[in-house]
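Observations on the model geometry
Listed here are the chains, written in short residue letters.
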Amino acid sequence: MADVAITDFQNFNGYGDRGDAIMEYFSQSFWKADGRMKSEQAKSDSVTLWGYASYMEACGEWLALHPDDAEVKAEYIKVLENVEYYRTVWRTDDLQVYQCVPVESKAECFFDDDVWVVLEFIHAYQLLGEQKWLDNAKGTIEFCYSGWDDKQGGGVYWKEDDVGTENASKNTCINAPLALASAELYEITQDQQYLDWAIRLYDWTKATLMDPKDSLMWDNIMADSGSVTRTKWTYNTGNMIASAAMLYKITGQESYLTDAKTMAESAYTTFGTEVVKDDPAQSYYIAGESNPWFQSSLLKGYIKLYEVDSSNATYVKSFLTALAYACSKNKDFRGFLDSDWKTRDEVGVITNPDLLNQSGNARVLLMLQNWKNAHPDALGQA
């Protein structure tokens, strides 16, 4: 890899442009005639709720970057409204639930799929100021809360259909973002139940699924046996960092800030490689994990931490350098990036680009541009 000065990365202003290119292609090419979205450009099958939610998130960042663009706003509203294709019609309760595939027949419901929808409904309320999106967030979060029970001391299950079976697990990927969503709802509504849930979820996840050796998050615990899957993913730790930062912002309790900073430093040293040169201006960072959507949650955690403690911009800047390098190696005419940001090979046309990974790429690029715009003086920080 050729050495590139950190100042070259910092002055790279194409994050928003590259994010725009991906989003424009998706908005023009991935909608099916029936109002649903494709999972891949080469296929006609509808995307799962997980992939669809990733596009919702990217659209939210797109509108945040272009708040006065009528076409971007129309696309965001379209993707928000069309999530109703996933709304269950099979349930006998009154919970607002979205299933993993568009409703043509009864399908599985994942608590973690629904929490991504909750988080974007909250974002939609913040961006658009319309009460219905806040109401939707409140309605859907009640379904997520229904997944809590006392096995293993608490926690929400990953998948509703597994509850009561030997396959039932309680995962960081639902409990950490649900703590974050609860904290965000409390900040908006000042309704104490949401803060209570945020603290309960955060405390259980930390006590049960945080590796005490490095403060990174394990994947899950089996509800019956108590066995732990110790795989560590960026998005699990990212959502815990974001939750801790939000709880510090709300409560002022220093332990949350300490947690967030400890997790961020560990994630920085574990999930990527810092290439240090004699001249600090020549140093840069290589991202490790090859899942852009997972990475977008780690970036969100870093940004949430920066919002409550702006003394250290290193973590967000690591994404600036990693993405600048990824963009320099990717030559796809639509703006798509390879999911592997650390590849040393130049990447040409990406075949069958999937919505999940490319939405993750777009989300990261747009988040970085939004962060740069909001903090123009941060680039000079260590």
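In this text, all values refer to a predicted model and were calculated from it rather than measured experimentally.

Let us look at the nonpolar core. If you look at the biggest cluster of nonpolar residues, it comprises 123 residues, and the most contacted ones within it are Tyr302 and Leu323. Contacts of Tyr302, omitting those with residues within four sequence positions, involve Ile241, Ala264, Ala267, Tyr268, Tyr315, Val316, Ser318 and Phe319.

Looking at the protein as a whole, the pLDDT averages 92, with 94% of positions reaching at least 70. Low pLDDT, under 50, characterises residues 1-6; the stretch is placed with 17 contacts to residues that sit more than four places away or in other chains.

Attention now goes to the packing of aromatic side chains. Going through the model one piece at a time under the given rule, you end up with 28 aromatic pairs. With 4.2 Å between their ring centres and 5 degrees between their planes, Tyr145 and Trp197 make a pair best called stacked. Taken together, the positions of Tyr145 in helix H6 (residues 131-145) and Trp197 in helix H8 (residues 192-209) put the pair 52 residues apart, joining distant regions of the chain. A cation over an aromatic ring shows up here: Lys170 above the ring of Tyr157, its NZ or CZ 4.8 Å from the ring centre. Between Arg230 and the ring centre of Trp218, over which it is positioned, the NZ or CZ distance is 4.3 Å.

Attention now moves to the environment of Met217. Relative to the assigned elements, Met217 resides in the loop between H8 and strand E2 (220-222). Exposure remark for Met217: the relative accessible area of 0% places this residue in the buried category. Sequence separation of Met217 and Pro292 is 75 residues, and the distance between their C-alpha atoms is 18 Å. In this structure Met217 touches Thr172, Thr205, Leu209, Met210, Thr231, Lys232, Trp233, Asn236, Thr237 and Met240, once residues within four positions along its chain are discounted.

Let us now look at the sheet that holds strand E3 (residues 228-229). Pairing within the open sheet is antiparallel, and its 3 strands lie in the order E1-E2-E3. Edge positions in the sheet fall to strand E1 (169-171) and E3, since each of these pairs with one other strand and no more. Here H8 sits on the sheet in contact with E1, E2 and E3, set at roughly 80 degrees to E2.

What follows deals with the state of the cysteines. Taken as a whole, this structure holds 0 disulfides when the rule is applied. Free of any disulfide, Cys109 has its nearest neighbouring cysteine sulfur in Cys100, separated by 7.3 Å. For Cys109, a relative accessible area of 4% puts it in the buried group. Of all cysteine sulfurs, the one in Cys144 lies closest to Cys173, which takes part in no disulfide; the gap is 11 Å.

Moving on: the pairing of strand E5 (residues 284-287). Note on strand geometry: in a regular strand, side chains alternate between the two faces of the sheet. Across the two faces of E5 the burial is the same, with Tyr284 and Ile286 and Tyr285 and Ala287 all buried. Pairing geometry for strand E4 (residues 272-275) and E5, over 4 bridges, is antiparallel. Looking at the pairing, Thr273 lines up with Ile286 of E5.

What follows covers a negative patch on the surface. On the surface, Glu24, Asp68, Asp69 and Glu71 cluster together into a patch of negative charge. Here Glu71 lies in helix H4 (residues 70-81).

On to unusual backbone geometry, then. If you check the backbone angles, Gln190 has positive phi at about 60 degrees while not being a glycine. Of note in the backbone geometry, Asn352 takes a positive phi value of approximately 50 degrees without being a glycine. Accessibility expressed as a relative area gives 39% for Asn352, which makes it partly exposed.

Below, the discussion takes up the side chain of Arg18. Tracing the backbone through its elements, the reader meets Arg18 in helix H2 (residues 15-29). The side chain of Arg18 sits in the buried core without any salt bridge; Asp332 is the nearest counter-charge, 7.1 Å away. Discounting residues that sit within four places of it in the chain, Arg18 has contacts with Cys327, Asn330, Gly335, Phe336, Leu337 and Leu365.

Rules used in this analysis
Residues numbered from 1 in each chain as written. Predicted model: local features only at pLDDT ≥ 70, side-chain atom pairs only at ≥ 80, totals over all residues. Heavy atoms only, no water. Core = buried A, V, L, I, M, F, W, Y, C linked by side-chain atoms within 4.5 Å. Buried < 20%, exposed > 50% of the residue type's maximum accessible area, 1.4 Å probe, protein only. Contact = heavy atoms within 4.5 Å. pLDDT = per-residue confidence, 0-100. Phe/Tyr/Trp six-rings, centres within 6.5 Å; stacked < 30°, edge-to-face > 60°. Helix = DSSP H or I, 4+ residues; strand = E, 2+ residues; numbered from the N terminus. Lys NZ or Arg CZ within 6 Å of the ring centre and 35° of its normal. Pairing = 2+ DSSP bridges. Axes fitted to C-alpha atoms, helices over the stretch in contact; angles between N-to-C directions. Disulfide = S-S within 2.5 Å. Patch = residues over 30% accessible without salt bridge, like charges linked within 9 Å, V, L, I, M, F, W, Y side chains within 5 Å. Areas by Shrake-Rupley, 256 points an atom, 1.4 Å probe, with all protein chains shown as cover. Salt bridge = Lys/Arg side-chain N within 4 Å of Asp/Glu carboxyl O. Lys, Arg positive; Asp, Glu negative; His and termini not counted. Charge placed at Lys NZ, Arg CZ, Asp CG, Glu CD.

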